[in-house]
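# Survey of secondary and tertiary structure
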Amino acid sequence: ILATVSSIIYLLWRAFFTLPLHNGAVSLVFGILLLGSEIAAALGTYELYWRKSHLNRMDIKRPEIPLDWYPDVDVLIATHNESVELLYKTVNAITFLDYPDKRKVHVYLSDDGNRPEVAELAARLKVGYIGLAGNKQAKSGNYNNALKHTRAEYIAIFDAAHAPAPTFLEETLGFFSDEKVAFVQT
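The notes below deal with the structure included here. A quick note: this is a predicted structure, and the numbers were derived from the prediction, not measured. (Residues numbered from 1 in each chain as written. Predicted model: local features only at pLDDT ≥ 70, side-chain atom pairs only at ≥ 80, totals over all residues. Heavy atoms only, no water.)

### Topic: helix H4 (residues 116-124)
- Listing the buried residues of H4 in full gives Val118, Leu121 and Ala122. The buried residues of H4 occupy one face: seen down the axis, they fall within an arc of 100 degrees. Every exposed residue of H4 that faces more than 90 degrees away from the buried side is listed here: Pro116, Glu120, Ala123 and Arg124.
- Residues of H4 that are buried make contact with strand S1 (73-79), helix H3 (84-95), strand S2 (105-111) and strand S3 (128-131).
- At the exit of H4 stands lysine 126, carrying a positive phi of roughly 60 degrees. (Buried < 20%, exposed > 50% of the residue type's maximum accessible area, 1.4 Å probe, protein only. Helix = DSSP H or I, 4+ residues; strand = E, 2+ residues; numbered from the N terminus. Arc of directions from axis to C-beta. Contact = heavy atoms within 4.5 Å.)

In structure tokens:
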């Protein structure tokens, strides 16, 4: 509420006290354009506040899923130049994800630096390694390359610096039991 009130006061001040009314037409046009962009940004912010306040009131419940429904999942971790120590923490956390049948969770380090030390880490943690030389098309190229080597029906993507909660897969995958759901973003 304080942010909304202060931004409204600011916009009123901008509109009534800072427009260059006596500095020529060009200055006035650009001053009005700047004010318009600030108003648009503020309206976008107000809309986000409104949506956030209403989303918190929604009660989204995880569907009850029979244990035999859970499919294979490929978990992709794209890395470019992150340290092996950081990757160790991420991959280690991901290997401890809860899932009814852990044999159905396939973890891959997708390395577009094609680094031997990352391949060694993957082998040590018993996860897949997909190398790509040359950082072609940045992160999207890395994921596109990884998708050529994976086969599961579902894919979970994690940043190299993200250690998910152990319940992540169980909390999110069940939403796919509804045929109308195409993707889940958290």
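### Regarding the pattern of salt bridges
- Inspection of every chain in the model, using the stated rule, returns 5 salt bridges.
- As a salt-bridge pair, glutamate 47 and arginine 51 come within 2.4 Å of each other at their nearest N and O atoms. Here arginine 51 and glutamate 47 lie together in helix H2 (residues 25-55), a separation of 4 residues that amounts to about one turn.
- Overall, the relative accessible area of 36% leaves glutamate 47 in the partly exposed class.
- Looking at arginine 51, the relative accessible area reads 45%, which means it is partly exposed.
- The salt bridge partner of aspartate 111 is arginine 115, with a shortest N-O separation of 3.4 Å. The pair aspartate 111 / arginine 115 is uniform in exposure class, with both members buried. (Salt bridge = Lys/Arg side-chain N within 4 Å of Asp/Glu carboxyl O.)

### So, the side chain of threonine 79
- With respect to the helices and strands, the residue threonine 79 is situated in strand S1.
- Among the polar contacts made by the side chain of threonine 79, one reaches the side chain of arginine 115 at a distance of 3.0 Å.
- Dropping the residues within four chain positions of it, threonine 79 is found in contact with Leu87, Leu109, Ser110, Asp111, Asp112, Gly113, Arg115, Val118, Asn142 and Ala160. (Polar contact = N/O pair within 3.5 Å; in protein donor to acceptor, adjacent residues only side chain to side chain.)

### Overview of the sheet that holds strand S4 (residues 154-159)
- Taken in spatial order, the 4 strands of this open sheet run S3-S2-S1-S4, and their pairing is parallel. Because the sheet does not close on itself, it has two edges, and the strands there are S3 and S4. Ignoring which end each strand starts from, the neighbouring axes of this sheet average 25 degrees apart.
- Taken together, the 7 bridges between S1 and S2 define a ladder with parallel strand orientation. If you follow leucine 76 over to S2, its bridge partner there is tyrosine 108.
- On the sheet, H3 packs against S1, S2 and S4 and is oriented at approximately 170 degrees with respect to S1. (Pairing = 2+ DSSP bridges. Axes fitted to C-alpha atoms, helices over the stretch in contact; angles between N-to-C directions.)

### Remarks on a nonpolar patch on the surface
- Nonpolar side chains collect at one region of the surface, where Ile8, Tyr10, Leu12, Trp13, Phe16 and Phe17 lie side by side and expose about 700 Å² of accessible area between them.
- Along the chain, tryptophan 13 falls in helix H1 (residues 2-17). (Patch = residues over 30% accessible without salt bridge, like charges linked within 9 Å, V, L, I, M, F, W, Y side chains within 5 Å. Areas by Shrake-Rupley, 256 points an atom, 1.4 Å probe, with all protein chains shown as cover.)

### Remarks on unusual backbone geometry
- Within the chain, asparagine 114 stands out as a residue other than glycine whose phi angle is a positive 50 degrees.
- Relative to the assigned elements, asparagine 114 resides in the loop between S2 and H4.
- With a phi angle near 55 degrees, alanine 138 is a residue other than glycine that sits in the positive phi range.
- Along the polypeptide, alanine 138 turns up in helix H5 (residues 138-147).

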